[in-house]
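Per-entry structural report
The chain contents come next:
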Amino acid sequence: MTLVLRRNDYTLTDEQDQLVDMLRSLFSEQSAIEVVRAAEPLGFDQNLWATVQNNGLLTISVPESAGGDGGGLVELALAGIEVGRTAAPVPLIDHVVTMRLLAALKGAGVALDALDWDAALSGDLIVSMAPISTWELGAQLVPSGAVAKAVVAFKDGSIILMTRETNAPQAQNEGCAPVAWWSPSDADVRTATLLDGDLAAGIWELAHREWRIATAASIVGLMAISSEIARSYALDRKAFGVTIAKFQAISHQLADIHMDVVTARNMTIKAAWLTENEPAFRPELAAMSMAHATRAALRSTAKAVHIHGGMGITNEADISLFYRKVSSWALVGGGIRRDLDDIGNAIDRRAQELAASALISSNR
Amino acid sequence: MTLVLRRNDYTLTDEQDQLVDMLRSLFSEQSAIEVVRAAEPLGFDQNLWATVQNNGLLTISVPESAGGDGGGLVELALAGIEVGRTAAPVPLIDHVVTMRLLAALKGAGVALDALDWDAALSGDLIVSMAPISTWELGAQLVPSGAVAKAVVAFKDGSIILMTRETNAPQAQNEGCAPVAWWSPSDADVRTATLLDGDLAAGIWELAHREWRIATAASIVGLMAISSEIARSYALDRKAFGVTIAKFQAISHQLADIHMDVVTARNMTIKAAWLTENEPAFRPELAAMSMAHATRAALRSTAKAVHIHGGMGITNEADISLFYRKVSSWALVGGGIRRDLDDIGNAIDRRAQELAASALISSNR
Amino acid sequence: MDFSQVELTSDQLVFEKEIRELISENWTPNLSHIAVDHDRMPKPVRMEMAKRGWIHPDLAPDAGGAGLGEIELEVITNLFDEYYIPANVSSSLLIPTLEKFGSQWLKENVLPGIRTGELTTCLGYSEPDNGSDMAAATTRAVQDGDTWVINGQKMWTTWGNESDYVFLLTRTGAVEEKHRTLTMFLVPMNTPGVDATPVWILGGGRTNVTFYSDVTISDNYRIGPVNDGWSVMSEPLATEHGAGVVTEGVAPVNGSMGAGFSRVLQKLVDGAIQWAASRTMADGRSRLEDPLVRAALAEAMLDLEMCWNAEGELGKPMSAEALAKQADKLADMAAPEGLLDFGVDGSIAAGIIASERQHAPGTAVYGGTTEIYRNNLARRLGLPRPY
Amino acid sequence: MDFSQVELTSDQLVFEKEIRELISENWTPNLSHIAVDHDRMPKPVRMEMAKRGWIHPDLAPDAGGAGLGEIELEVITNLFDEYYIPANVSSSLLIPTLEKFGSQWLKENVLPGIRTGELTTCLGYSEPDNGSDMAAATTRAVQDGDTWVINGQKMWTTWGNESDYVFLLTRTGAVEEKHRTLTMFLVPMNTPGVDATPVWILGGGRTNVTFYSDVTISDNYRIGPVNDGWSVMSEPLATEHGAGVVTEGVAPVNGSMGAGFSRVLQKLVDGAIQWAASRTMADGRSRLEDPLVRAALAEAMLDLEMCWNAEGELGKPMSAEALAKQADKLADMAAPEGLLDFGVDGSIAAGIIASERQHAPGTAVYGGTTEIYRNNLARRLGLPRPY
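Summarised in this report is the structure supplied together with it. Keep in mind that what you see is a predicted model, and the values were worked out from it rather than measured. (Residues numbered from 1 in each chain as written. Chains lettered and ligands numbered in written order. Predicted model: local features only at pLDDT ≥ 70, side-chain atom pairs only at ≥ 80, totals over all residues. Heavy atoms only, no water.)

1. Regarding unusual backbone geometry
Backbone torsion omega between Glu40 of chain B and Pro41 of chain B reads 10°, so that peptide bond is classified as cis. Among the secondary structure elements, Pro41 of chain B is positioned in the loop between helix H2 (33-38) and helix H3 (46-54). For the bond running from Ala335 of chain C to Pro336 of chain C, omega is 0°, close enough to zero to count as cis. Here Arg282 of chain B, not a glycine, exhibits a phi torsion of approximately 45°, which is positive. Within the secondary structure, Arg282 of chain B is located in the loop between helix H8 (248-277) and helix H9 (284-307). Of note in the backbone geometry, Asp214 of chain C takes a positive phi value of approximately 50° without being a glycine. Mapped onto the fold, Asp214 of chain C is located in strand S7 (residues 206-218). (Helix = DSSP H or I, 4+ residues; strand = E, 2+ residues; numbered from the N terminus.)

So this is what it looks like as structure tokens:
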């Protein structure tokens with residue numbers, strides 16, 4: 001028996017640091033909270049999207065073979081965090097994850113005739129994917145479905161491409177995410193089957209993992225900025241003559257929020273690295289990062305609102321905007337319940353490992 | 001459509017107040033913590049049991065027709081709280097609930113030849129029941145099973161009586177409860193079938209509810225005393241020159257504990273009253289009172305230990321004893337998971353009620 | 001101890017029927033209207049209720065009420081809940097204050113209308129820089145002969161846009177003297193210089209910032225002595241709600257302050273049950289049969305029952321937090337449809353899960369944060385005032 | 001960023017093999033021994049480890065260590081965990097203090113043995129009436145020529161019954177002068193007058209009250225100047241653990257202080273999985289197929305992964321609380337067998353769920369309560385010192 005040790009190194013490369021710096025300054029300049037508010041209720045800003053297109057952000061994580069810059073899932077996760085930090089009203093995550101999926105299909109020799117590839121690569125044509133199709137057929141809510149004209153889904157063992165000429169109507173939600181119902185049986189939708197069999201299942205499963213990780217990253221961004229906003233508020237706000245940050249009932253909540261942000265951020269980039277580099281190793285990490293980011297963001301942004309007292313629940317407070325975004329961004333993928341279900345695969349693997357272990361055993 | 005209003009009155013009658021006073025002074029005198037410690041690991045004190053017998057506590061809630069004093073489930077629940085407040089090492093709850101079950105069987109014309117009724121009524125013969133048999137056949141852990149010589153269980157649709165000449169060996173547990181494995185197929189066990197059919201199922205179901213409620217009450221007692229101990233400690237203990245009760249991180253935990261105690265206590269006596277007086281109304285209240293008492297006691301006694309800092313985790317601290325008792329007393333019935341499962345019956349009932357309601361309806 | 005069903009008397013049955021008719025004639029249920037606690041009873045309903053003395057039904061008939069008891073109060077509460085109609089309109093906490101401290105002129109000209117409910121009130125306590133610390137108020141009232149001139153600004157003046165009077169806390173001396181230089185007024189909201197700007201909150205409710213610019217009112221509108229506003233303001237807090245009502249043990253335990261939130265939680269659970277009952281799983285069975293759905297619903301029902309067993313003040317943080325927790329859990333259970341608003345294709349029941357998730361943080365704040373309630377509870381447990 | 005598997009060098013493989021042999025020859029795994037953090041490495045193992053310089057393996061060979069790196073440290077940690085062997089024995093936090101403040105005599109006669117691990121130490125800081133407030137210490141040391149006479153009592157002297165020396169905080173002036181009249185000593189535990197009384201704790205561990213009655217020691221045992229004990233005591237807290245080790249990114253994130261608890265949680269989860277795998281439901285399927293069991297296990301695994309992604313100090317409260325929460329949840333999942341002790345018919349794996357529920361409250365207390373850690377974390381976030 002030999003120990004298996006793994007490195008556990010979360011440090012960014014210089015290139016990754018630079019990418020983060022670039023994205024942070026771009027979004028903080030171009031996606032100020034006024035821009036985000038003005039983009040509601042649809043949750044999409046055409047100008048910001050154009051900026052994203054013009055700055056080459058849509059090809060960062062697309063393989064070079066498919067016309068992209070060859071960056072990986074880690075870069076996409078880092079981008080997701082920055083998108084989340086301003087709740088940027090652009091479907092960057094959904095679009096790029098879907099482009100990576102389409103590139104994988106291309107790489108497997110699938111013809112994408114139904115799609116104008118160059119338009120998709122440039123972002124003039126927005127594409128998205130339907131995570132819920134992993135479990136459910138028929139009509140379903142699709143993230144960025146109200147701004148995408150092409151949606152990739154998984155149906156009856158096949159990867160399908162749905163396209164439509166006009167945008168699907170948004171399904172209104174409190175977070176003002178551009179969510180929409182899509183169905184292959186919708187009269188406005190044309191459907192093409194792209195690939196079936198085990199290869200299709202494998203490609204879809206990996207793409208679904210990538211969607212979870214990149215989406216988890218964007219939720220981490222929402223939490224991170226909420227944490228900073230709440231901290232500043234607690235330092236500024238006085239009650240009974242003292243800054244409220246001196247009350248343990250406040251400062252311990254800020255500590256708890258910080259713990260959630262750190263662990264969710266770390267888990268997400270770890271999942272990204274491993275999914276990119278060793279996709280067969282612990283596939284449950286994608287569902288874990290999504291589940292943890294979701295639960296952590298739901299509770300942390302609620303605490304961040306609460307720390308603001310009455311101010312927090314006003315629509316004009318910045319913090320309430322991030323609170324609203326969380327549930328829409330997090331739940332459109334199907335919720336923690338489905339994430340836990342997929343983590344279950346790891347239980348079976350661990351049960352197998354333990355069955356071989358001599359040291360510990362049950363005695364009835 | 002006519003409104004249905006119910007009274008919501010938790011006040012005790014004078015007789016109930018007197019009962020509580022009597023029990024509190026009896027157990028605080030006779031079941032001091034030294035007595036409880038000395039009774040470990042078995043969790044049974046013969047002298048205290050004799051006191052319980054001599055003070056007529058075993059017949060309080062047994063029907064007059066069966067030789068008891070005719071008190072009801074509410075009185076038993078009140079007694080349960082007092083038993084819990086000192087973690088009294090006597091199987092009062094299990095014994096009396098089982099006697100009520102046996103009395104119901106007697107009332108249904110069942111002959112109890114395998115049992116010395118007078119010895120059981122006096123407590124010279126300790127009886128208990130097997131709540132787990134509601135779900136599982138075969139060998140199972142029985143509360144007070146290490147001190148009882150007769151155990152009533154439900155098996156294959158029948159109520160059965162298991163008896164043995166010698167005590168079953170205790171299944172060692174951290175709370176030092178006199179839990180033991182019992183099985184109808186054990187060579188030392190004689191088994192008699194008492195009743196089968198719908199009547200048996202109905203009598204068992206009600207008895208199981210009574211066990212849950214009375215056991216929940218005893219757990220409420222554990223919580224209530226833990227709450228008081230933690231409060232006193234927080235008022236006495238100083239850190240950095242001030243009483244630790246001044247820290248919000250402490251005082252808010254004490255407030256939370258208090259909320260748990262109050263709601264668990266109220267829910268339990270409400271469940272007792274309704275089960276006694278209107279057994280067909282909201283049968284889920286029994287499982288609810290057990291589930292809430294369990295979850296509330298697990299978290300509250302852990303907080304009570306934590307408030308004590310390092311002192312709390314020493315075996316010599318009173319609080320650690322109550323903490324240890326909780327898991328043994330609470331989990332021997334099968335845990336919250338099974339309680340929630342039974343609460344599920346109320347979901348179906350509510351779904352039926354709502355199906356008839358016009359005001360609210362789902363639109364997809 | 002008694003949890004038995006109340007047999008309504010024939011008078012009570014008539015009373016119930018009359019309220020049902022009154023509501024049906026004056027109100028169309030709005031299913032999206034769950035978060036009712038920030039809305040006020042619609043005026044047509046209120047005027048009909050006022051006519052019958054049912055706004056403060058426990059007051060004697062000659063004091064603007066109807067001399068009714070606890071059961072009738074519960075009938076009103078339950079029916080308003082059943083019809084999704086906002087019920088908030090009571091001035092019952094202010095009436096004893098006006099009776100004790102109001103000027104003779106107020107007692108004769110304003111109090112009767114407030115008693116019947118034809119006139120409505122709102123509270124002007126908090127200011128932008130002092131939410132919970134009311135002794136720091138800076139809205140200034142300056143006496144000028146027989147009139148007062150008021151200048152300042154109040155936050156959280158809920159219903160400030162639709163009330164007849166605001167119960168206003170003002171400063172009539174040095175701010176440094178804290179609670180010793182405060183004076184209360186009952187200011188007519190239609191006085192020139194009073195202005196209410198809406199503040200919209202999560203979940204869709206409205207509150208207001210109210211501005212007071214050279215608001216000039218007669219000394220008749222003063223309540224209690226000059227500089228004694230702290231005692232006057234404290235009076236409602238000391239008054240027991242419905243203290244005059246004969247208790248018949250029907251109300252939620254000692255009047256849990258979270259009862260309103262618990263009614264909302266009941267609707268949330270009901271909506272989730274209806275969602276599950278109306279959806280099928282891949283194997284064709286109802287989602288109600290899904291063990292994880294059942295466990296989630298059972299836990300929500302358990303939390304609801306817990307809240308109904310809470311007492312008084314402690315019911316507030318408990319119900320608020322249970323509501324928030326269950327909104328999150330049930331939204332997850334019903335994801336992704338759980339995020340959809342009312343009226344959207346596929347939304348759940350009245351979009352209640354999505355809207356409650358937005359509304360829930362407010363329940364932990366208004367009327368005092370959960371921290372304030374825990375501080376209070378700790379003090380009632382005999383613990384020292386926290387740092 | 002790098003989470004790849006480490007290819008052990010042939011030297012490292014030999015090192016691993018050697019430790020496995022060393023443990024096997026000197027230790028029989030005790031499956032009930034989960035809560036290992038209150039126990040100390042068994043002496044036979046320790047002596048073998050000391051011989052090889054593996055007690056403080058990062059120290060240079062001529063300083064009592066073996067000049068090993070991070071990977072070897074991880075190998076040691078993981079193997080001790082695998083064999084259920086308590087690993088606590090390091091004096092690495094004290095060594096720099098002794099090097100800096102120790103008397104020449106101590107450096108020559110005691111420090112070498114402490115460096116190799118042949119001599120062991122324990123901490124004498126807390127007293128009955130001042131758990132966290134060490135500046136209130138009252139154990140008194142009185143100078144008498146070239147010797148000191150010590151009288152007093154210390155709480156929580158874990159390993160006080162099996163250590164060679166206690167690092168003792170004493171009072172050498174007026175108590176009112178708080179941290180300005182404290183002096184540190186390294187007191188041999190076999191000095192007459194030193195006595196350790198066991199204090200047994202939840203989950204089965206032992207700590208001690210140590211009594212000091214007219215304990216007379218030479219001035220050689222003093223560490224640092226008289227009345228400068230506060231600086232001396234603060235030194236270990238300022239020292240980075242393993243600061244001299246070359247980081248290869250293998251250790252848990254920034255050395256989460258909760259790593260030990262997380263290893264216990266892993267065992268808890270493993271035990272629960274084994275329980276489920278070994279039990280069948282009424283329909284004959286494995287309990288591993290029960291959706292509620294799966295959900296409970298998945299959530300426990302998620303919490304475990306969360307803990308492994310915590311950093312430094314914040315890993316402590318997070319791991320402690322996750323452990324307590326999961327012990328409760330898994331005990332419930334496996335109820336009623338979850339309450340049984342190790343070795344009892346039907347108990348789960350090594351009775352681990354029952355024993356962990358007992359042990360868990362300790363993890364939230366020792367080495368500082370979770371409140372203290374949250375206070376510290378808040379201060380590192382730039383928040384003001386709490387009241």
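2. Quick word on the sheet that holds strand S6 (residues 190-196) of chain A
All names here are of chain A. Pairing within the open sheet is mixed, and its four strands lie in the order S1-S3-S4-S6. Each of the sheet's edge strands pairs with one partner strand only, and the pair in question is strand S1 (127-129) and S6. Between one strand axis and the next, the sheet turns by 25° as a mean value, whatever way the strands run. Where S1 and strand S3 (residues 150-155) come together, three bridges link them in parallel fashion. Residue pairing across strands places Ser128 opposite Val151, the latter belonging to S3. Helix H5 (residues 92-107) contacts S1, S3, strand S4 (158-163) and S6 of the sheet and is inclined by roughly 85° relative to S1. (Pairing = 2+ DSSP bridges. Axes fitted to C-alpha atoms, helices over the stretch in contact; angles between N-to-C directions. Contact = heavy atoms within 4.5 Å.)

3. Overview of the interface of chain C and chain A
On the chain A side, the residues contacting the 41 residues of chain C number 40 residues. Summed over the three residues of chain C that lose the most area to chain A, namely Leu202, Leu339 and Arg357 of chain C, the buried surface amounts to 19% of that side. Here chain C and chain A share two salt bridges between them. Between Arg287 of chain C and Glu136 of chain A there is a salt bridge whose closest N-O contact spans 3.4 Å. For the interface between chain C and chain A, the tally reads 17 residue pairs in polar contact (both at pLDDT 80 or more). The element that contributes the greatest number of residues to the side of chain C that touches chain A is helix H11 (residues 352-363) of chain C, accounting for six residues. Classifying every residue of the side of chain C that touches chain A gives 21 nonpolar, nine polar and eleven charged. (Buried area = accessible area lost by both parts, 1.4 Å probe. Salt bridge = Lys/Arg side-chain N within 4 Å of Asp/Glu carboxyl O. Polar contact = N/O pair within 3.5 Å; in protein donor to acceptor, adjacent residues only side chain to side chain. Nonpolar A, V, L, I, M, F, W, Y, C, P; charged D, E, K, R; others polar.)

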